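This is what each chain is made of:
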Amino acid sequence: MFEEVKNFLTKKGLLCSGDTYLVGFSGGFDSMCLLHILNRLGLKVVAVHLNHNWRGAESDEEEENCAEFCEKYKIPFCSKKLDAAAKKTETAAREARQKFFKECYEKYDAKGLFLAHTKSDNAETVIYRMIKGTGIKGLCGIAKHNSINGCQIFRPLMNFSRKDIENYCRKFSLNPNNDSSNNSVKYKRNFIRHKILPEMKEINPEVEDKLYNLSQIAVSQERIINEYLGLIENKVKVNGKFLTAKFLEFSEDVQKRFIMNFLIENSIDYDSRKVDEILEFIYENHGASCGKTISLTEKLMLLVNKDYIYPVAGIEKCFESVEITGCGTYEFCGYTFCAARYDKELPEKFPSEREYYAYTCSLPFPLSLRFRKDGDIINPFGMDGSMKLKKFFINKHIPKPERNGIILLCKNEEVLWAAGCCLSNKLRCGDIPEYVIKLEKR
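Residues numbered from 1 in each chain as written. Predicted model: local features only at pLDDT ≥ 70, side-chain atom pairs only at ≥ 80, totals over all residues. Heavy atoms only, no water.

Reading across the sheet, the 5 strands line up as E7-E8-E11-E10-E9 and stay open at both edges, with antiparallel pairing between neighbours. Edge positions in the sheet fall to strand E7 (237–238) and strand E9 (292–295), since each has one partner strand and no second. The pairing of E7 with strand E8 (residues 241–243) spans 2 bridges and is classified as antiparallel. What sits directly across from Lys-237, in E8, is Phe-242. (Pairing = 2+ DSSP bridges. Helix = DSSP H or I, 4+ residues; strand = E, 2+ residues; numbered from the N terminus.)

In structure tokens form, the structure reads like this:
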């Protein structure tokens, strides 16, 4: 085991790099074995431990055991204890770990994170994903090396079973934590470990090896699929948005694969039912002018209209505002707004309404920079009379989820400029502009 981990590090160019690496350290058999091996190899590591605080005193004792182990072997140790009121679900626990690991990654300027997943973990993962119906992508199992949230993840124990790990710990007289919750079959993975895998081993004692081989076959198939998708994606996707008409030209199988990849890219749990649900929603709403949305997570929606299919973040109404008292530069919600006198010759071209700067004939200070409110009106460029801003947005086919995020330059309840959408007739230029206004992301 020692030599195989050494070879893994050598092939990845990690052994003599001198960089700092993190090790996810629960103190259990797997992570204690991995940390012990990496320390013997002289790798510069920091053990990071998240106390989920699910089991009170037992969780605290496990954290203390981890700290004592690291002190004995002179390994830097970093831990964090979650609030007792935190959600006690497998999903919440995984998200909390990822957040904690990311914080430590940045704190220690780490170049990688080592996790102690094994061949047994891979078998449980593949079975779990088979049950969920996640398709070939799910059968790929756990990768030996990948990237999550900008962190390089390494798993050098993937060729070893839980039995191999236990033998190593006995050989070196290690004293790992024995998490009592690992025996509770109310957790899905524990149920697979204690109930399903033993039954499968009755049929084939080498089932963990066979499931690992299945994973490698799935990885190969994935590469073929992704190579094909790479050839056609530029025909259907522009600036992160699917072109609705082009998307609908492909077969249902390709459409489902695009949806599945989108969910994976956004770290959204999925199964075949969720993919089918989203595809049906696209079929039902692909002709919508302003667009319809389907919720994906608490903060993310998928918008479908006649032109595009793309993710949008739910933007709640914001009532912040900044008073514009005269020419100058102002900060507003992550943007810089600038109003200045224009004393140059006639511009070679005037910006389109979709751009974030405009020339005006006047600026009736004081003005306000804000987001939309009930009762707002606008006199759109090129039109006679005013209309409600809401109706204007509908006529312009601006998707509902995006309307709350449009920055407005206003005179009381009248919108004089909807940045990136429209300039009011009341600011339209004569022969030569008198002012230029601009909005830039900070």
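Together, Lys-292, Lys-388, Lys-390 and Lys-400 make up a region of like positive charge exposed at the surface. Here Lys-292 is to be found in strand E9. The class for Lys-292 is partly exposed, based on a relative accessible area of 46%. (Patch = residues over 30% accessible without salt bridge, like charges linked within 9 Å, V, L, I, M, F, W, Y side chains within 5 Å. Areas by Shrake-Rupley, 256 points an atom, 1.4 Å probe, with all protein chains shown as cover. Salt bridge = Lys/Arg side-chain N within 4 Å of Asp/Glu carboxyl O. Lys, Arg positive; Asp, Glu negative; His and termini not counted. Charge placed at Lys NZ, Arg CZ, Asp CG, Glu CD. Buried < 20%, exposed > 50% of the residue type's maximum accessible area, 1.4 Å probe, protein only.)

On to helix H5 (residues 119–132). For H5, spanning 14 residues, the distance from its first C-alpha to its last is 20 Å, which sits close to the expected 20 Å at 1.5 Å a residue. All buried positions along H5 are accounted for by Lys-119, Ser-120, Asp-121, Asn-122, Ala-123, Glu-124, Thr-125, Val-126 and Ile-127. Residues of H5 that are buried sit in contact with helix H2 (29–40), helix H6 (135–139), helix H7 (162–171), helix H8 (188–203) and helix H9 (207–236). Directly beyond the C-terminal end of H5, a positive phi value near 75° is found at Gly-133. (Expected span 1.5 Å × (residues − 1). Contact = heavy atoms within 4.5 Å.)

Further remarks concern the packing of aromatic side chains. Under the counting rule described, the total for this entry stands at 17 aromatic pairs. Considering the side-chain rings of Phe-69 and Tyr-73, the 4.7 Å spacing of their centres and the 45° angle between planes classify their relative orientation as tilted. Residue Tyr-73 is classed as partly exposed on the basis of its relative accessible area, which comes to 24%. Between Phe-250 and Phe-258, the ring centres sit 6.1 Å apart and the planes meet at 70°, which makes this aromatic pair edge-to-face. For the pair shown, Phe-250 and Phe-258 are each scored as buried. (Phe/Tyr/Trp six-rings, centres within 6.5 Å; stacked < 30°, edge-to-face > 60°.)

This part covers the nonpolar core. By size, the foremost hydrophobic cluster in this structure holds 30 residues, and its most contacted members are Leu-9, Phe-25, Leu-35, Leu-38, Val-45 and Phe-114. Of all the secondary-structure elements, those providing two or more residues to this core are helix H1 (2–11), strand E1 (21–24), H2, strand E2 (45–51), helix H3 (57–72) and H7. Excluding anything up to four places from it in sequence, Val-45 contacts Tyr-21, Val-23, Leu-35, Leu-38, Ile-75 and Pro-76. Ranked by size, the runner-up nonpolar core spans 25 residues in total, among them Phe-258, Tyr-270, Ile-278 and Leu-279. (Core = buried A, V, L, I, M, F, W, Y, C linked by side-chain atoms within 4.5 Å.)

Burial along E1 is two-sided: Tyr-21 and Val-23 facing one way and Leu-22 and Gly-24 facing the other are all buried. In terms of strand pairing, E1 meets E2 through 4 bridges, oriented parallel. Directly across from Val-23, in E2, lies its bridge partner Ala-47. In the classification by handedness, the crossover that spans E1, the intervening H2 and the parallel E2 is right-handed. (Right-handed = clockwise from strand over helix to strand, strands pointing away.)

A few words on the pattern of salt bridges. Considering all chains together, one arrives at 22 salt bridges under this definition. Residue Arg-193 pairs with Glu-124 through a salt bridge whose shortest N-O separation is 2.9 Å. Within this pair, whereas Arg-193 is found in helix H8, its partner Glu-124 is found in helix H5, the two being separated by 69 residues in sequence. What makes Glu-124 buried here is its relative accessible area of 1%. A salt bridge links Arg-257 to Glu-222; its shortest N-O distance comes to 2.4 Å. Of this pair, Arg-257 sits in helix H11 (residues 252–265) while Glu-222 is found in helix H9, placing the two residues 35 residues apart along the sequence. Of the residues examined, Arg-257 reaches a relative accessible area of 11% and is grouped as buried. Here the salt bridges do not stand alone but share partners, grouping Asp-121, Glu-124, Arg-162 and Arg-193 into one network.

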